[in-house]
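Spelled out from the first residue to the last, the chains are:
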Amino acid sequence: MGDASFQGKPPNPRSFPRASEPFDQALFLRPSSEYRGAPLWTWNKKLDREQLLRQIDHLAEMGMGGFTIHVRTGLDTEYLGDEFMEIVKSCVDYAESKKMLACLYDEDRWPSGCAGGKVMENRPDLKAQHILLTCKPYGEQVAWRAQGGSECTGRATRSELGHLVARYDVAINNDCMEVYRRLGDGESGRNVWYAYMEPNPPSEWFNGYTYADTLNKEATDRFIAATHEVYKVAVGDKFGLTVPSIFTDEPQFAHKTQLRFAEDTWDVFLPWTTDLPDTFSEQYGYDILDSLPEIVWDLPDGSSSLARYHYHNHVCDRFVEGYLNPVSVWCRENGLAMTGHMMDEPTLFTQTSALGEAMRCYRGFDLPGVDMLCNWVEYNTVKQATSVARQSGIRGIMSEIYGVTSWMFDFLGHKFAGDWQAALGVTTRVHHLSWVTMAGEAKRDFPASIGYQSPWSLEYPLVEDHFARVNVAMTRGRAVCRVAVIHPIESYWLAFGPIHSSKGEQEERDEAFLDLTTWLLHGLVDFDFISESLFESQTHKDQIGNTLPVGQSEYEVVIVPNLRTIRSTTLSRLRQFSQAGGKVIMTGTSPTLIDGIPAKKPVEIHGSIEVPWLKSKILNALEAHRDISAVTTDGPLYCLTSQSTMSSTLLYQLRQDGDEQFLFICNTEKQVASKCQVSIRGSWQLTLLDTISGQCSELPSTRRNGKTSFFHLFEGCSSLLLRLTPRSETSTPKAEEALAQGMAETCLVTLRNVELSEPNVLLLDFAKFLWNDGSWEGEEEVLRIDNIMRNRLGIPLKLEAFRQPHASPPESRKAKGKLSLRFKFKSEVNLLTSHLALENAKDVHIMLDGNVIPSTVESWWVDEDISTIRLPKIPSGSHEIQLTYEYGLMTNLERIYILGDFGVEIRGTKATITASQLSKFQFGDWTQHELPFYAGNVIYNCDFEHSGGQAVLEVPRFVAPLLSVEVDGQVLGKIAFQPHSLKLGMLSEGKHKLSITSYGNRENAFGPLHMPTGTTVFIGPQAWRTEGPIWHNEYAIQPMGILQQPRIIAMKQ
């Protein structure tokens, strides 16, 4: 790690130096900042120093250990300019004063590598390059013209801005390339394909430039000079201390593409750089341009292509040497930990396309990381990074977590995603995202905001404290991992041909890659991957015995799964390991190639075990190397029966810390509980480390036959953290105690009334529109109006990717005219007091029913940039609000809101203000009780009778991030996880007052309300601008609140 101790500084917090000290229960109770999350704090507006410092205070109140400064769409302060850097320094200094961490991010948006376009300023030769392989030469596609790209990745686009490097005559027969030849100047052929080296066209996403050439170290050196060196001047004295790390995000090369079938005429793209033929020839002794078609088409008779294998390997090497190594070296020389994640890590297909190989890319990271979006569960993504971290002696990995999950993502979701990743080695959570502002497009930037805009934000320590305590334990020592798996990526490269002929093998290999990981992890056999490209440097042959050292890890078993090719360096080490008494398991198909070349005789490892490709067979072969087992039972908790089976829903991580161990187990089933007997190799005394309360207590267990066993009820999405202290097996075990109490339902609670934490909301998002002095046009949704006007005026659309405001020339920012919007609404009651909530209020001319409304801002609602303006008394009837904008590139047309003490009823596509009837409120979906657009919390004030003694509150069904519970005015706790209950303690006999706060979210006010529910889990900017069958004018309102009447359970002796 980039440890600055050589400069006389303390160790970098990202190396978790306190994990080397004796376990400290006080630290476990109150973990310090390095164990806590550091969200991506999105700088997405004209920066205001005081606002940013206020938000740092709020992040601290949420339990965060710091923040990661992350420029996003909307930044209107010059990126890395003087003002920007002065604000960075202020935030770093303020973080230091609060003992928080101020982490850096290395790009203007993403992907990393081009410094928002600065790398290519006056250096067009440093643009990302690709090979366009096409049967349509430049200039012959009459309908084609170069267009600026808007996609926020490095994917290649045909530009016709390059030059011809080769031509080929390709003969296709029976779904393969029968023969090919490179054509000389003036030679003709029957099926000619042209190879052009070219850059992408200019892109608005890259502020008028393109992505940088990440295969070219010179481009990366300019990137470092434009970014890292600038940060060093500003806050370099804090590197390795308050500023522990810098985040590199989704570096990649031009994605490799495939033909659909061998006779296809689609363009194909391959990553490239100017001197790639030279370095390829130096490594392999031949010209890759002579063999380029073999990368794209399959050879006859299923033959493998050595050129294809060499190309994928070499491009990955060039990427690592061109981008990742220079950044890593600079970070380590400057005491700054390199963290972040790669592009498209999860599958063999995605990493082949965008990276070549993920694990090779992690070797320079001081804190390798992953990107886990949409609440996806991708074990291989995390396992690849964790494996490199363990083998490098790094205590954990980073996860960019919770992104693209929508406002509806609740605390249970936060815990579920964090728990399974913690079990696989994640120790640093970087939350996606915490917005500085919701203004304009920012509110559609992959919500929710994990920040002050969420009404539950100050309750977040419930989640953050849990993970901080897990991290205090799970950064200690080293993982106990006895099994290694040879990573199969290089065999996959050989199958990367046309989709029709290669899809079967590609899918089988990716499916096998996923299956083996799932079998092992849910079979409670931890493992690491071995990257063949790293293995040679990690393992010296004179160190190999009956255990296999790989870097700083050591394994008893190596699995060789379904390989088509194996490196000779891998094979020789495995043979030596097997000969020394180590266990090698060959499963699935055995390799037929060595280093991509057909083996002269069957590839064998003397002494290895051949195991069929079956879950049960593989797990049986590993039984002697198991540390943890768990058996489930449907009977009483402390009783195994003939129906008991091995658990299939648990994950774990076990760490050895001196003579102690720490064990974390989580249940990956969200709703269903699992009653288990867990057995641990060795004789231990078990201490339960309660991650919710921070308290420690002994856990009853038995010790016999070299194992320690305990019973536990794993509720849905629950977890367990244990400290294991050596104890003699002959000591008297503490007997398990049956539950001393039974349960008897005593009463349902009675709802007395409800209170709202915020005013109710009428959302207005359909309007007629008028340009200058023209005629009013028909009613349309506001974002569609914005698209219509931008198309008419030739202004770039606000799609997912557009130019940053700070990079927009002054001339382009000038208004082009006046745009008026006319919103209609109806009220069935007289509104004595109400407010209008809108953005840019001071710049908008406002009229209500033809009368001018002063744009005097009273306060704000939800976000500081959504202002509230007092409206005059509004009588019952129909009304119009007219807004007039000076409209141009920088204008934000957004929904507006009327706030007040009233009800709202949706009738078809229209919503009407009604009389408030909160006095008639009942348990159930609150959106059906006059609150369809409501965005705050609801407090349910209740009464119940109790006969005296211990009591439990049960809330069977609710839709809320969490519930907070008070009894007789005293806060007793929260309900967010399974089971949906809370122990109330001893209560006296008689009547009691109960208040339950059901926290809300912003979905029904700010979500993609015109996209049918269930359309996609990927809630990005375009979810608000859908078309056709995935758009409707009706509102897709999500249920909220306590859906079923709570009850009080009396606990009887």
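Just above, that's the structure.
Residues numbered from 1 in each chain as written. Predicted model: local features only at pLDDT ≥ 70, side-chain atom pairs only at ≥ 80, totals over all residues. Heavy atoms only, no water.

Across its full length, the chain carries 20 helices and 59 strands. Compactness check: the chain gives a C-alpha radius of gyration of 31 Å against a globular reference of 31 Å for 1053 residues, within 12% of the reference. When the backbone C-alpha atoms are referred to their principal axes, the chain occupies close to 90 × 85 × 60 Å. For the chain, the proportion of its 1053 residues judged to be buried stands at 62%. Long-range pairs, those at least 24 residues apart, make up 80% of the contacts in the chain between residues at least 6 apart in sequence. In the chain, 100 positive and 131 negative side-chain charges are present, and the distance between their average locations comes to 2 Å. (Helix = DSSP H or I, 4+ residues; strand = E, 2+ residues; numbered from the N terminus. Rg over C-alpha atoms; globule rule 2.2 N^0.38 Å. Buried < 20%, exposed > 50% of the residue type's maximum accessible area, 1.4 Å probe, protein only. Contact = heavy atoms within 4.5 Å. Lys, Arg positive; Asp, Glu negative; His and termini not counted. Charge placed at Lys NZ, Arg CZ, Asp CG, Glu CD.)

It is worth spelling out the packing of helix α6 (residues 276-284) against helix α8 (residues 306-333) at this point. The N-to-C vectors of α6 and α8 enclose an angle of 115 degrees; their axes lie 11 Å apart at closest approach. Between α6 and α8, the crossing angle belongs to the class labelled roughly perpendicular. Like other packed secondary-structure pairs, α6 and α8 cross with a definite hand, here right-handed. Between α6 and α8, the contacting residues are L276, T279, F280, Q283 and Y284 on the first element and H310, Y311, N313, H314, V315, D317 and R318 on the second. Per-class residue counts for the contact of α6 with α8 are five nonpolar, five polar and two charged. (Axes fitted to C-alpha atoms, helices over the stretch in contact; angles between N-to-C directions. Parallel < 35°, antiparallel > 145°, perpendicular 65-115°, else oblique. Left-handed = near helix turned anticlockwise from the far one by under 90°. Nonpolar A, V, L, I, M, F, W, Y, C, P; charged D, E, K, R; others polar.)

Alternating positions in strand β16 (residues 483-486) separate into two faces, V483 and V485 on one and A484 and I486 on the other, with burial throughout. As paired strands, β16 and strand β17 (residues 527-530) are joined by four bridges and run parallel to one another. Note that in β17 the partner of I486 across the bridge is I530. Across three bridges, the pairing between β16 and strand β20 (residues 557-561) is parallel. Pairing of A484 across the sheet is with V558, part of β20. (Pairing = 2+ DSSP bridges.)

Take the sheet that holds strand β13 (residues 426-431) next. The three strands are arranged β11-β12-β13 in an open sheet whose pairing can be described as parallel. With partners counted over all chains shown, the strands left at the sheet margins are β11 (369-373) and β13, one partner each. Each strand axis lies, on average, 25 degrees off the axis of its neighbour in the sheet, ignoring direction. Two strands pair when backbone bridges link them, and β11 and strand β12 (residues 397-403) are joined in this way by five bridges, in the parallel orientation. Bridged to G369 within β12 is M398. On the sheet, helix α12 (residues 411-423) packs against β11, β12 and β13 and is oriented at approximately 155 degrees with respect to β12. In the packing of helix α13 (residues 461-474) onto the sheet, the strands contacted are β12 and β13, and the crossing angle to β13 comes to about 150 degrees.

Here we take up the environment of D264. By the element assignment, D264 lies in the loop between β8 (245-249) and β9 (268-272). Residue class for D264 comes out buried when judged on its relative accessible area of 2%. Counting along the chain gives 309 residues from D264 to R573, while the straight-line C-alpha distance between them is 43 Å. If we ignore the near neighbours within four places in the chain, the residues touching D264 are W193 and L259.

Each neighbour pair has its own omega, and for W110 with P111 the value is 0 degrees, a cis peptide bond. Looking at the secondary structure, you find P111 in the loop between β3 (101-105) and β4 (129-134). In the segment running from H432 into L433, the intervening peptide bond is cis, with an omega of 5 degrees. Topologically, L433 is positioned in the loop between β13 and β14 (434-435). Positive phi values are uncommon outside glycine, yet D344 reaches one of about 55 degrees. Here D344 lies in the loop between β10 (337-341) and α9 (348-354). Here the phi dihedral of D595 falls at roughly 55 degrees; this positive angle occurs in a residue that is not glycine. When you line up the elements, D595 lands in the loop between β23 (593-594) and β24 (597-598). Judged by relative accessible area, which is 26%, D595 ranks as partly exposed.

What the six strands build is an open sheet, ordered β15-β28-β29-β35-β31-β32; its pairing is antiparallel. Every other strand in the sheet has two partners, leaving β15 (478-479) and β32 (696-698) as the edge strands with one partner each. Pairing of strand β31 (residues 684-689) with β32 involves three bridges; the strand directions are antiparallel. Within β32, the position partnered with L689 by the bridge is C696.

What follows deals with the pattern of salt bridges. One pass over the structure, following the stated rule, counts 66 salt bridges. Two residues, R158 and D267, come together in a salt bridge whose shortest N-O distance is 3.1 Å. Residue R158 is located in the loop between β4 and β5 (163-173), and its partner D267 is located in the loop between β8 and β9; the two are separated by 109 residues in the primary sequence. E954 is paired through a salt bridge with R1047; the nearest N and O atoms lie 2.4 Å apart. Note that E954 is positioned in strand β52 (residues 949-954) and R1047 in strand β59 (residues 1047-1052), a separation of 93 residues in sequence. According to the relative accessible area criterion, E954 is partly exposed, its value standing at 22%. Since its relative accessible area comes to 26%, R1047 is described here as partly exposed. One salt-bridge network, held together by shared partners, links E441, K443, R444, E839, E894 and R1025. (Salt bridge = Lys/Arg side-chain N within 4 Å of Asp/Glu carboxyl O.)

One finds W43, F84 and W861 to be the most contacted residues of the largest nonpolar core, which totals 243 residues. In terms of residue count, α8 provides more of this core than any other element does, eleven residues in total. Ignoring any residue separated from it by four or fewer positions in sequence, one finds F84 in contact with W43, L47, V71, L75, T77, E78, Y79 and Y231. One finds V749, F921, V955 and I975 within the second-largest nonpolar core, a separate group that totals 31 residues. (Core = buried A, V, L, I, M, F, W, Y, C linked by side-chain atoms within 4.5 Å.)

Let's shift gears to the packing of α12 against α13. The contact between α12 and α13 brings their axes to 10 Å, and the two run at 10 degrees. Here α12 lies roughly parallel to α13, going by the angle between them. Along its contact with α12, which presents F411, H414, K415, G418, D419 and A422, the element α13 presents L462, V463, H466, F467 and V470. Residues that form the contact of α12 with α13 fall into these classes: six nonpolar, three polar and two charged.

Moving on, we come to the environment of F529. Mapped onto the elements of the fold, F529 is located in strand β17. A relative accessible area of 2% places F529 in the buried class. Separated by 433 residues in the primary sequence, F529 and L962 have C-alpha atoms spaced 38 Å apart. Filtering out sequence-adjacent residues up to four positions away, F529 remains in contact with M359, N380, K383, Q384, S387, Q391, V485, H487, F513 and T517.

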